[in-house]
Amino acid sequence: MLTDMLTIGGHTFNSRLFLGTGKFSSSAVMKEAIAASGTEMVTVALRRVDLNNPEDDIMIALDRKKCVFLPNTSGARNAEEAIRLAHLARAASGSSWLKLEVTPDPRTLLPDPVETLKATAELVRAGFIVLPYMNADPILALRLQDVGAAAVMPLGSPIGTNQGILTAFQIEIIIDQARVPVVVDAGIGAPSHAALAMEMGADAVLVNTAISVAGDPVAMARAFAQAVEAGRTAFVAGMGSRGKQAQASSPLTGTLATDLGFLA
Amino acid sequence: MQIHLNGTPKTITTESMTVARLLQELGIPAASVVVELNKTIIQPDCYAASSLQNNDQVELIRFVGGG
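Heads up: these notes are all about the structure in this document.

A short note on the overall build of chain A
- Scanning chain A for helices and strands turns up nine helices and ten strands.
- Judged by the C-alpha coordinates and their principal axes, chain A covers about 85 × 40 × 40 Å.
- Sequence separation of 24 or more characterises 64% of the internal contacts of chain A that already satisfy a separation of 6 or more.
- Total accessible area on chain A is roughly 12,900 Å²; 53% of this is exposed by carbon and sulfur atoms.
- Taking the average place of the 21 positive charges on the side chains of chain A and the average place of its 25 negative ones, the gap between the two points comes to 3 Å.

Points about the overall build of chain B
- Counting its secondary structure elements, chain B contains one helix and five strands.
- Ordered by position from the N terminus, the helices and strands of chain B form the series β-β-α-β-β-β.
- Its C-alpha radius of gyration of 12 Å places chain B within 12% of the 11 Å reference for a compact globule of 67 residues.
- With respect to the principal axes defined by its C-alpha atoms, chain B has extents near 40 × 25 × 20 Å.
- A total of 67 residues make up chain B; the buried ones form 43% of that total.
- Taking the intrachain contacts of chain B between residues at least 6 apart in sequence as the baseline, contacts between residues at least 24 apart amount to 54%.
- Taken as a whole, chain B presents about 3,400 Å² of accessible surface, with 49% of it coming from carbon and sulfur.
- The averaged location of the 6 negative side-chain charges in chain B is 6 Å from the averaged location of its 4 positive side-chain charges.

Details of the interface of chain B and chain A
- Every contact between the two is made by 22 residues of chain B and, on the other side, 30 residues of chain A.
- Taken over both partners, the interface formed by chain B and chain A buries close to 2,300 Å², and the fraction arising from carbon and sulfur atoms is 62%.
- Taken together, chain B and chain A are joined by two salt bridges.
- Note that Arg-84 of chain A and Glu-36 of chain B form a salt bridge whose closest N and O atoms lie 2.5 Å from each other.
- Counting the contacts that link chain B with chain A gives 13 residue pairs in polar contact (both at pLDDT 80 or more).
- For the side of chain B that touches chain A, the elements supplying multiple residues, two or more each, are β3 (34-37) and β5 (57-65) of chain B.
- A per-class count over the side of chain B that touches chain A returns eleven nonpolar, seven polar and four charged.
- Direction of pairing for strand β4 (residues 41-48) of chain A relative to β5 of chain B: antiparallel, over a ladder of five bridges. Within β5 of chain B, the residue paired with Ala-45 of chain A across the bridge is Val-64 of chain B.

Remarks on the packing of helix α3 (residues 113-125) of chain A against helix α4 (residues 138-146) of chain A
Residues and elements named next belong to chain A.
- One can describe the packing of α3 onto α4 by two numbers: an axis separation of 9 Å at closest approach and a directional angle of 15°. In terms of axis orientation, α3 runs roughly parallel to α4. Like other packed secondary-structure pairs, α3 and α4 cross with a definite hand, here right-handed. In this structure, α3 contributes Pro-113, Thr-116, Leu-117 and Thr-120 to the contact, and α4 contributes Leu-140, Arg-143 and Leu-144.
- Here the residues of the contact of α3 with α4 are counted per class, giving four nonpolar, two polar and one charged.

Considerations on the pattern of salt bridges
Residues and elements named next belong to chain A.
- For the structure shown, the criterion picks out ten salt bridges over all chains.
- Salt-bridge contacts for Arg-16 lead to Asp-4; the nearest nitrogen and oxygen are separated by 3.1 Å. With a gap of twelve residues between them, Arg-16 in the loop between β2 (11-13) and β3 (17-20) and Asp-4 in the segment before β1 (6-8) connect regions that are remote in the sequence.
- Classification of Arg-16 as buried rests on a relative accessible area of 6%.

Things to note about the sheet that holds strand β6 (residues 97-100) of chain A
Residues and elements named next belong to chain A.
- Strand order in the open sheet formed by three strands is β6-β7-β8, with parallel pairing between adjacent strands. Each edge of the sheet is formed by a strand with only one pairing partner; in this case those strands are β6 and β8 (153-154).
- Looking at chain direction, strand β7 (residues 129-134) and β8 are connected through two bridges and run parallel. Following the sheet pairing, Met-134 is matched in β8 by Pro-154.

Quick look at the pairing of β3 of chain B
Residue and element names in this part refer to chain B.
- Neither face of β3 is open: one carries Val-34 and Glu-36, the other Val-35 and Leu-37, and all of them are buried.
- By the bridge criterion, four bridges tie β3 to β5 in an arrangement that is antiparallel. Counted as the bridge partner of Leu-37 is Val-58 from β5.
- What sits between β3 and strand β4 (residues 40-42) in their antiparallel hairpin is a turn of two residues, with Asn-38 showing a positive phi close to 50°.

As for the packing of aromatic side chains
All names here are of chain A.
- Scanning the model with the defined rule gives two aromatic pairs over all chains in all.
- Measuring from centroid to centroid gives 5.5 Å for Phe-13 and Phe-18, while their planes differ by 55°, and the two rings are tilted. Here Phe-13 matches Phe-18 in class, with each residue buried.
- Ring centres 6.2 Å apart and planes at 80° place the aromatic pair Phe-13 and Trp-97 in the edge-to-face group. Here Phe-13 is found in strand β2, whereas its partner Trp-97 is found in strand β6, with 84 residues between them in sequence. An identical accessibility class is assigned to Phe-13 and Trp-97; each is buried.
- Among the aromatic residues, ring-to-ring pairing joins Phe-13, Phe-18 and Trp-97 into one connected group.
- For the cation-ring pair, Arg-64 lies above Phe-69, with the distance from its terminal atom to the ring centre recorded as 4.9 Å.
- Stacked on the ring of Tyr-133, the Lys or Arg Lys-99 has its end atom at 5.3 Å from the ring centre.

Reading the values: rules and limits
Residues numbered from 1 in each chain as written. Chains lettered and ligands numbered in written order. Predicted model: local features only at pLDDT ≥ 70, side-chain atom pairs only at ≥ 80, totals over all residues. Heavy atoms only, no water. Helix = DSSP H or I, 4+ residues; strand = E, 2+ residues; numbered from the N terminus. Contact = heavy atoms within 4.5 Å. Areas by Shrake-Rupley, 256 points an atom, 1.4 Å probe, with all protein chains shown as cover. Lys, Arg positive; Asp, Glu negative; His and termini not counted. Charge placed at Lys NZ, Arg CZ, Asp CG, Glu CD. Rg over C-alpha atoms; globule rule 2.2 N^0.38 Å. Buried < 20%, exposed > 50% of the residue type's maximum accessible area, 1.4 Å probe, protein only. Buried area = accessible area lost by both parts, 1.4 Å probe. Salt bridge = Lys/Arg side-chain N within 4 Å of Asp/Glu carboxyl O. Polar contact = N/O pair within 3.5 Å; in protein donor to acceptor, adjacent residues only side chain to side chain. Nonpolar A, V, L, I, M, F, W, Y, C, P; charged D, E, K, R; others polar. Pairing = 2+ DSSP bridges. Axes fitted to C-alpha atoms, helices over the stretch in contact; angles between N-to-C directions. Parallel < 35°, antiparallel > 145°, perpendicular 65-115°, else oblique. Left-handed = near helix turned anticlockwise from the far one by under 90°. Phe/Tyr/Trp six-rings, centres within 6.5 Å; stacked < 30°, edge-to-face > 60°. Lys NZ or Arg CZ within 6 Å of the ring centre and 35° of its normal.

The following block contains the structure:
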């Protein structure tokens, strides 16, 4: 479906699968998984240089011609820290793409809605293309798009839990109301979860742990690509509605029982 | 003099230490990092001219895998 493209921040994407680059066993596996996934957007984090490994640089393994780089602000506990990280990310990447993450509680890694909204507004003013990671709160999604978020990224379930879409009801409302793309992020643990998000009408999904820690990350990346494509195709095709009562798939007229009556 | 490098105290014996020289001594390719000096980002073309002072807070940051 060449016409079914996704546009975020003025950039057009063919693939609706975004990939996180954390927790891969090696750069070689990561590189192969990125290729197998067909992704055109990868996230990266910023950390202090490991002075014992001064030449260990993930950017060597990543092809910036094929993928948009989406630096995150992971580790930020409030708006101020996130904004500091955002400026470092822009200096390091030379681009303004940013996945805004403000997670004050390391136990749950749930995003702080107040600080996220504050930081989004300020970073948009500073010219960033901001994709905020958020709880699946429909009101917050509207507030974030009002202050200029380029997309919203509601969580399916907490980061790294592989629990799937536990927030389906709220995400449906977010999708229904959104004027910006909705990227379901966090907790997607299986291709079926990604397919479900796409069937619901999400514009994209962001997956990391489920692929990077899989037995075979490259094969899993391929499975996610297929699931995202299947889910998207199903959404565009238009899904039938759910009902409580049986609706026969086969015609109810012309059966032997009706015509011959001997079983009536 | 002493600086704080990535949160850890580091004694510098060289006189006229600069950001460029620090990176070189640590074996860090300059293009692979972003440098923050006392919470201000230093542009790469200023590394050679940025002298370090006693108690300076230097952060060397780079991209790593993340979600």
